[in-house]
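Fold and geometry: a report
The residues making up each chain are set out below.
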Amino acid sequence: MLKKLILASAALGFASLPALAHVTLESNEAPVGSTYKAVFRIPHGCEGKPTNVVRVKLPQGYYAVKPMPKPGWTLEKVIGKYEKPYDNHGTEMTEGVTEVVWSGGNLPDDEYDEFVMRGSLGADLAAGGTLYFPVVQECPDGAAERWIEIPAAGQSAHDLEMPAPGLKLLEKTGGH
């Protein structure tokens, strides 16, 4: 009887854990006004098919982005206007990278990889808020995994089936 109770408790505990199959950020919190290295963890392909394109839409407030090239993948930086200008070490930025696309690679469904970029978090972002990075994995034959759902006010990302990776914004720290 005790063994059954322990197993039932363990099953309930695992049921409350977030799904590990989601695209996630390696570090999911950072202070406003800082630089942030976003490492997107891609845990699988599309229902048995390999991932061959990873698209990341950048939220407003994350600017001066520089993606890391990946051997075997083609890197594309989509440039667009920012909603407002940002001060990048004394230079006003009104446009920059708004989407990063890695394509032409091959990440088998049973393997894991990371896709990396570095940028700045606006000093005027609200601490306590969350920035969301919608990610789309494209696979052969038009298959895709769309990690693009953003929680509504009062809703948790854990309530969503395909949540976008989120970055919790912390209070600004001293110095750079």
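What to know about the side chain of Q137
If you trace the backbone, Q137 turns up in strand β10 (residues 135-138). On the accessibility criterion, Q137 (0% relative accessible area) is buried. In this structure the side chain of Q137 is engaged in a polar contact, spanning 2.5 Å, whose partner is the backbone oxygen of H44. Every residue in contact with Q137, bar those within four places of it in the chain, is listed here: V23, I42, H44, G45, C46, T51, V53, A143, A144, E145 and W147.

Describing the pattern of salt bridges
Under the criterion given, the structure shown has six salt bridges. One salt bridge connects K49 with D141, and the closest N-O pair in it is separated by 3.7 Å. With K49 in the loop between β3 (35-42) and β4 (51-57) and D141 in the loop between β10 and β11 (144-147), this residue pair connects regions lying 92 residues apart in the sequence. The exposure class of K49 is partly exposed, given its relative accessible area of 29%. Overall, D141 belongs to the exposed group, its relative accessible area being 73%. With a shortest N-O distance of 2.6 Å, R55 and E138 are connected by a salt bridge. Taken together, the residues R55 in strand β4 and E138 in strand β10 connect sequence positions 83 residues apart. Since its relative accessible area comes to 25%, E138 is described here as partly exposed. It is possible to trace a salt-bridge network through shared partners that takes in R55, E99 and E138.

A look at unusual backbone geometry
Working note: non-glycine residues mostly have negative phi, and peptide bonds are mostly trans. A positive phi is found at H89, a non-glycine position, where the angle reads about 55°. One can find H89 in the loop between β6 (74-88) and β7 (91-107). Within the chain, D141 stands out as a residue other than glycine whose phi angle is a positive 65°.

Looking at the nonpolar core
Counting residues in hydrophobic clusters, the biggest one holds 29 residues, and the most contacted among them are V56, L58, Y62, M117, L121, F133 and L167. If you list the elements that add at least two residues to this core, you get β3, β4, β5 (62-67), β7, β8 (113-121) and β12 (166-170). Setting aside anything within four residues of it in sequence, one finds L58 in contact with V65, V97, T98, E99, V100, M117 and F133.

The rules behind the values
- Residues numbered from 1 in each chain as written.
- Predicted model: local features only at pLDDT ≥ 70, side-chain atom pairs only at ≥ 80, totals over all residues.
- Heavy atoms only, no water.
- Helix = DSSP H or I, 4+ residues; strand = E, 2+ residues; numbered from the N terminus.
- Buried < 20%, exposed > 50% of the residue type's maximum accessible area, 1.4 Å probe, protein only.
- Polar contact = N/O pair within 3.5 Å; in protein donor to acceptor, adjacent residues only side chain to side chain.
- Contact = heavy atoms within 4.5 Å.
- Salt bridge = Lys/Arg side-chain N within 4 Å of Asp/Glu carboxyl O.
- Core = buried A, V, L, I, M, F, W, Y, C linked by side-chain atoms within 4.5 Å.

No statement about biological role is implied by the geometric values presented.
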